[in-house]
Amino acid sequence: MRTTISIFAPFLIECSKMADPLRKKILSIFRLNGLSLKSEATKFLRDVLSPLSEPEVDEWLEKIVETVQSQPLGSSLVDRDTIETAVQECSKDPSEDSDKAFCIIDAFSTPKFSFSVDRKKFFPVSGKASLHPVTDIKSMLFAERYTVIQQRTSRHELFSNVAELEAVKQNQNSERFDLKTVEFLIGSTGCLKQIIVLGMLSQIKEGKFYLEDPTGAVELDMSQAKFHTGLYTESCFVLAEGTYDDDIFHVAAMGFPPAEPSKITRNQFGSINFFGGPSQTCAKASSKLKDMEKENTDAMFVILSDVFLDQPRVVDKLRTMFTGYSTMPPSLFILCGNFNSQPYGPKQYKAIKESFQAFASLVSEFPSLLESTRFVFVPGPQDPGPGNIIPRPPIPESLVKVVTEKIPLASFTSNPCRIQYCTQEIIIFREDLINKMCRNAIHIPTDPKDIPNELLKTILAQAHLCPLPLHTRPIYWGYDSSLRAYPVPDLLVLADRHDPYTCTALDCSATNPGSFSKNDFSFKVYWPPTNEVEDCKIAD
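Fair warning: this is a prediction, and the values are worked out from it, not measured in the lab.

Right, let's talk about empty space enclosed by the protein for a bit. Within this structure, the stated rule accounts for 4 cavities of 30 Å³ or more. If you trace the largest cavity, you find it lined by T110, P111, K112, F113, F122, V148, F274, R418, S481, R484 and Y486. Its residues assigned to classes, the lining of the largest cavity shows 6 nonpolar, 2 polar and 3 charged. What the second largest cavity holds in volume is close to 60 Å³. In terms of lining, the second largest cavity is formed by K112, I137, M140, L141, E144, R145, W477, G478, Y479, D480, S481 and R484. In the lining of the second largest cavity, the residues fall into 5 nonpolar, 2 polar and 5 charged.

The pairing of strands in a sheet comes from backbone hydrogen bonds and takes either a parallel or an antiparallel form. Here 6 strands make up an open sheet; going across it, the order is β3-β17-β18-β19-β21-β20 and the pairing mixed. At either margin of the open sheet sits one strand with a lone partner, and together these are β3 (102-106) and β20 (501-505). Recorded for the sheet is a direction-independent mean angle of 15 degrees between the axes of neighbouring strands. Examined bridge by bridge, strand β19 (residues 491-495) and strand β21 (residues 508-512) share 3 bridges and lie parallel to one another. Among the inter-strand pairings, L492 is bridged to a residue of β21, identified as A510.

Within β19, 5 of the 5 residues are buried, which leaves the element mostly enclosed by the surrounding structure. Burial of the side chains of β19 extends over both faces: L491, V493 and A495 are buried on one face and L492 and L494 on the other. Summarising the sheet, strand β18 (residues 424-430) and β19 pair through 5 bridges and their orientation is parallel. Residue pairing in the sheet places I428 in a bridge with V493 of β19.

What follows is about the side chain of D480. For D480, the location among the structural elements is in the loop between α15 (451-462) and β19. Those residues in contact with D480 that sit more than four places away from it in its chain are L141, R145, H464 and I475.

Moving on to the packing of helix α3 (residues 54-69) against helix α4 (residues 80-90). Running from amino to carboxyl end, α3 crosses α4 at an angle of 115 degrees, the nearest separation of the two axes being 9 Å. Two packed elements cross with a definite hand, and for α3 against α4 that hand is right-handed. Contact residues: α3 offers W60, K63, I64, T67 and V68, while α4 offers T82, I83, A86, V87, E89 and C90. Residues that form the contact of α3 with α4 fall into these classes: 7 nonpolar, 2 polar and 2 charged.

With the rule as written, the count across this model stands at 28 aromatic pairs. Here Y232 and F256 contribute two aromatic rings whose centre-to-centre distance is 4.3 Å and whose plane-to-plane angle is 15 degrees, an arrangement assigned as stacked. In this pair, Y232 sits in the loop between β10 (226-227) and β11 (237-245) while F256 sits in the loop between β12 (248-255) and α8 (262-269), placing the two residues 24 residues apart along the sequence. The buried category is assigned to F256, whose relative accessible area is 12%. With a centroid separation of 5.9 Å and 55 degrees between ring planes, the pair formed by F339 and F377 is classed as tilted. Of the two residues, F339 sits in the loop between β14 (332-336) and α11 (348-364) while F377 sits in strand β15 (residues 374-378), which places them 38 residues apart along the sequence. The buried category is assigned to F377, whose relative accessible area is 1%. Pairwise contacts between aromatic rings join F322, Y325, F333, F339, F356, F359, F366, F375, F377 and F412 into one cluster. Across from the ring centre of W60, 5.1 Å away, lies the NZ or CZ of K63, which sits over that ring. Above the plane of the ring of F275 lies R418, whose end atom (NZ or CZ) is 5.3 Å from the centre.

What follows is about the side chain of T233. In this structure, T233 sits in the loop between β10 and β11. Its relative accessible area of 0% is what places T233 among the buried residues. From its side chain, T233 meets the backbone oxygen of P467 in a polar contact 3.4 Å long. With residues near it in sequence (within four places) discarded, T233 still touches L201, M437, N440, A441, P467, L468 and P469.

A word on the sheet that holds strand β13 (residues 301-305). Strand order across the open sheet formed by 6 strands is β16-β15-β14-β13-β22-β23, with mixed pairing between neighbours. Whereas interior strands pair on both sides, the edge strands pair on one side only; in this sheet they are β16 (410-412) and β23 (532-537). Looking at each pair of strands side by side, their axes are set apart by 20 degrees on average, direction ignored. Packed onto the sheet, helix α10 (residues 312-325) meets β13, β14, β15 and β22 (522-527) and runs at close to 175 degrees relative to β13.

Let's shift gears to unusual backbone geometry. If a residue is not glycine, its phi is most likely negative; likewise, a peptide bond is most likely trans. In the segment running from G337 into N338, the intervening peptide bond is cis, with an omega of 5 degrees. A cis amide bond links Y486 to the next residue, P487, at an omega of -5 degrees. Structurally, P487 is set in the loop between α15 and β19. Within the chain, C422 stands out as a residue other than glycine whose phi angle is a positive 50 degrees. Mapping C422 onto the fold places it in the loop between β17 (417-421) and β18. Phi at F521 takes a positive value of approximately 60 degrees, unusual for a residue other than glycine.

Scoring rules and cut-offs
Residues numbered from 1 in each chain as written. Predicted model: local features only at pLDDT ≥ 70, side-chain atom pairs only at ≥ 80, totals over all residues. Heavy atoms only, no water. 1 Å grid on protein atoms, 1.4 Å probe; cavity = no way out; pocket = protein on both sides within 12 Å on 5 of 7 lines; lining within 4 Å. Points joined across faces, edges and corners; volume = space filled by probe spheres on them. Nonpolar A, V, L, I, M, F, W, Y, C, P; charged D, E, K, R; others polar. Pairing = 2+ DSSP bridges. Helix = DSSP H or I, 4+ residues; strand = E, 2+ residues; numbered from the N terminus. Axes fitted to C-alpha atoms, helices over the stretch in contact; angles between N-to-C directions. Buried < 20%, exposed > 50% of the residue type's maximum accessible area, 1.4 Å probe, protein only. Contact = heavy atoms within 4.5 Å. Left-handed = near helix turned anticlockwise from the far one by under 90°. Phe/Tyr/Trp six-rings, centres within 6.5 Å; stacked < 30°, edge-to-face > 60°. Lys NZ or Arg CZ within 6 Å of the ring centre and 35° of its normal. Polar contact = N/O pair within 3.5 Å; in protein donor to acceptor, adjacent residues only side chain to side chain.

That is the geometry; function is a separate question.
Listed below in structure tokens is the structure:
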């Protein structure tokens, strides 16, 4: 049975003999997590926890510390106000989770976290990002990407001191590698062999590739390099192994930094809500949401892309689809753009507004869908919006107001966007990514069938949805963190004009529904209870 703490009730009970040991335990737990408490914060927390049994004290201290760490702290010295806020958050009724079973998070509302190299923890970044920040933000963008990947790589068993110590204890042989920085290479006077460096691929001079990290840049010779799986482009972070001689790093082998399953990330950093949404803690930590997910065995998401609402044949196929699903309404329709087959020209806005009016009228013909099915609209690269820069804001309200008025559960969101369903984390990204990655790659697989798998491995290794250089795919510098794919989500919807596919890696499924309008009206159905993706098609 859950214990609830009333934090503002008067505490008239005098401190018992256990008060001093309790105070020591509180201070000790916070010190172990790199935090210190002000005296009034310690007294407050001691008074709050003193009525509880020892096991309950341990449980609450763990929750309070995690909640404190998820708050934007100015320093490691914690005051009473911060502790009160943490206790309030931990004391919330679990029934409040029912409102968070389904949540749409647009790219401009995703939380931003920064990794502290000294404290080995992620901390939230306070304040709202700017669409037009100072130029320093551009360099910080890549530095933050590097820090996220570096901390993950350094914990991997091939590079971790902890893994080596465990192997020694168990009398096992442990092959461990040392990561070097570019500064280490540049500062060397002799020839260095079998060196491994983590850095970003770049072209500082045309036709010459360099490996960059926060300490410097070194020219690469990749003529003899053997590439491991992945799509390698500029701005990708790689592990390069080779020999440094004559101011050039001669690469013998190149691969991506090892990605890690979401479970390992959360074991390392606790229940921090990296994903976003109203809760301070991640949805996977909620037992209430886990139970709700198990009970809802009929949950079903229908995913479409390139839904050209201005084409009569497409509208007819949508009517056929809605007719079929009206007897068993899906939980969610995810509709990705483009929503107009002729996105340019003076009549674009009028055409798309009329198309959405027709769509709203179509859905209104099916009361069962209106009552119980959500509709999420994600803009495509050619839909109305302020330039082709990601993340893209939702389609302007003036064009879609008729849809939200007629369909109560319709939501127009950004590209990319995130959806939290119970404990599952889903990222939706509408971008012709395979074409752009292959066109800009310095090495691609010989078998085209492997490309979707290679793309998924690339995204997870880079912890980023779009690891292309900024001149190829512009990104709002201040919102680069909204494209992070870290921790690894449960489902990645990579809506693309490429042929449909579904692949899996590290307990993450990636699917592309393909072009609904151009690919024989194919789409995907995702079943959250089993994490399965089905191929579907509307026959003629």
